[in-house]
Amino acid sequence: MTVKTEAVGKEWPATTYEVGKEKIGEYARVVGLDNSVHFDREAAKAAGYRDVVAPPMFCVVYSAPALGPAMFDPEVGMNFAAMVHGGQEFEWGEPACSGDEITTTAKCLEIFEKDGKGFYVFETRSLNQDGAEVVKGTWTNIVRGV
Amino acid sequence: MSDLNVGDAIPELKVTPDKYLPHRYAGASGDFNPIHIDPEFAKAVGLPSTILHGLYMMGLVARSATDVAGGDPKALKRLLVQFRGMGAPETEIAVTGTVKSVGDGKAVIDVVAAQGENQTIRNAEAEIQL
């Protein structure tokens, strides 16, 4: 069996996520961050942020929903039972703060086969309400035994 | 920290996620894949038991790199990781790293997250603003 590559270049509809103060705090606590800029509005403002600021990796919360339809697209045809998350890259721009409305689009960058494994690479780009890029993500999923 | 030099080790971060951490991370992140929260499901698909979310461990790597930059969240500009091993709850994770390059007000750090000999994240590269 070989991987299907017709989905390379395909883009999926954008998703929009409104960042909330308590959700930022919930995420920050789980990964063990105690910087008050993630919890306290005044502390965040004193540090130069518009509002409570999200930790960089909070980007998974607002960008992953755009990726769902891409990963489940039959045209992509990933075998979930044999899939692992192989690699991940994020490049951050403008910080994400409480009250931001972040719109994310997903695109299939590459699908290829190597050593009997299928590699599925997606890109997400997340922009805030002012059109500034907040994060660019590159998601690599590996499927064994394609 | 502006006195970073190539080859310097960054302070080690040690965290032992408790049994219910994957449940809390699932809630915080929205990733409810049952391999992280349901031991029976995890075993049925050939895993020893529930495993940690890779992106949780990446979150610890991000925390460690941000700490090196003084703790300001916007100092972390880029983070690249390879997930190379499964992480287990109730086992200590050690995040270690070495400064790879310094220049133009930035530093690149090579980071590893491991549980004992099991390197769950390696070839990670964090770019921070100094």
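Here, every reference points to the structure presented above.
Each value, and the rule that gives it
Residues numbered from 1 in each chain as written. Chains lettered and ligands numbered in written order. Predicted model: local features only at pLDDT ≥ 70, side-chain atom pairs only at ≥ 80, totals over all residues. Contact = placed C-beta atoms within 7 Å. Helix = DSSP H or I, 4+ residues; strand = E, 2+ residues; numbered from the N terminus. Nonpolar A, V, L, I, M, F, W, Y, C, P; charged D, E, K, R; others polar. Pairing = 2+ DSSP bridges. Expected span 1.5 Å × (residues − 1). Bend = angle between axes of the 7 residues up to and from the residue. Buried ≥ 20, exposed ≤ 12 C-beta atoms within 10 Å, placed from the backbone. Axes fitted to C-alpha atoms, helices over the stretch in contact; angles between N-to-C directions. Core = buried A, V, L, I, M, F, W, Y, C linked by C-beta atoms within 7 Å.

Engineer: I would appreciate a short explanation of the interface of chain A and chain B in the present structure.
Structural biologist: Interfaces are often described in size by the accessible area the parts lose on coming together. Chain A puts 24 residues into the contact, and the matching count from chain B is 25 residues. Mapped onto the side of chain A that touches chain B, the elements with two or more residues apiece are α1 (21–30), α3 (59–71) and β2 (83–92) of chain A. Considering every element that reaches the side of chain A that touches chain B, the biggest residue donor is β2(A), with eight residues. Considering only residue class, the side of chain A that touches chain B consists of 15 nonpolar, six polar and three charged. The pairing of β2(A) with strand β2 (residues 76–83) of chain B spans five bridges and is antiparallel. Along β2(B), the bridge assignment pairs Glu89(A) with Leu80(B).

Engineer: Just to check I follow, could you spell out α3(A) for this structure?
Structural biologist: An α-helix turns once every 3.6 residues. As a result, residues three or four positions apart point the same way. All names here are of chain A. For α3, spanning 13 residues, the distance from its first C-alpha to its last is 18 Å, which sits close to the expected 18 Å at 1.5 Å a residue. At Pro65, α3 shows its largest bend, some 40 degrees. Among the residues of α3, Cys59, Val60, Val61, Tyr62, Ser63, Ala64, Ala66, Leu67 and Ala70 are the ones counted as buried.

Engineer: Which parts of the structure should I look at to understand the sheet that holds β2(B)?
Structural biologist: An order of β1(A)-β3(A)-β4(A)-β5(A)-β2(A)-β2(B)-β5(B)-β4(B)-β3(B)-β1(B) is seen for the 10 strands of this open sheet, with the pairing classed as antiparallel. Edge positions in the sheet fall to β1 (11–18) of chain A together with β1 (13–15) of chain B, since each has one partner strand and no second. Ignoring strand direction, the axes of neighbouring strands in this sheet form an average angle of 20 degrees. The strands touched by α3(A) within the sheet are β1, β2, β3 (101–114), β4 (117–127) and β5 (133–144) of chain A, with β3(A) carrying the most contacts at an inclination of about 55 degrees.

Engineer: Is there a simple way to explain the nonpolar core in this structure?
Structural biologist: Most often, soluble globular proteins have nonpolar side chains that are buried together. Counting 74 residues, the largest nonpolar core has Met57(B), Val61(B), Ala65(B), Leu76(B), Ala126(B) and Ile128(B) as the members making the most contacts within it. Here the element with the most residues in this core is helix α3 (residues 54–68) of chain B; it accounts for nine residues.

Engineer: Any chance you could explain the environment of Asn128(A) here in plain terms?
Structural biologist: Residue and element names in this part refer to chain A. With respect to the helices and strands, Asn128 occurs in the loop between β4 and β5. Considering only alpha carbons, one finds Asn128 and Glu75, 53 residues apart in sequence, at a separation of 29 Å. Every residue in contact with Asn128, bar those within four places of it in the chain, is listed here: Glu94, Asp100, Glu101, Ile102 and Val134.

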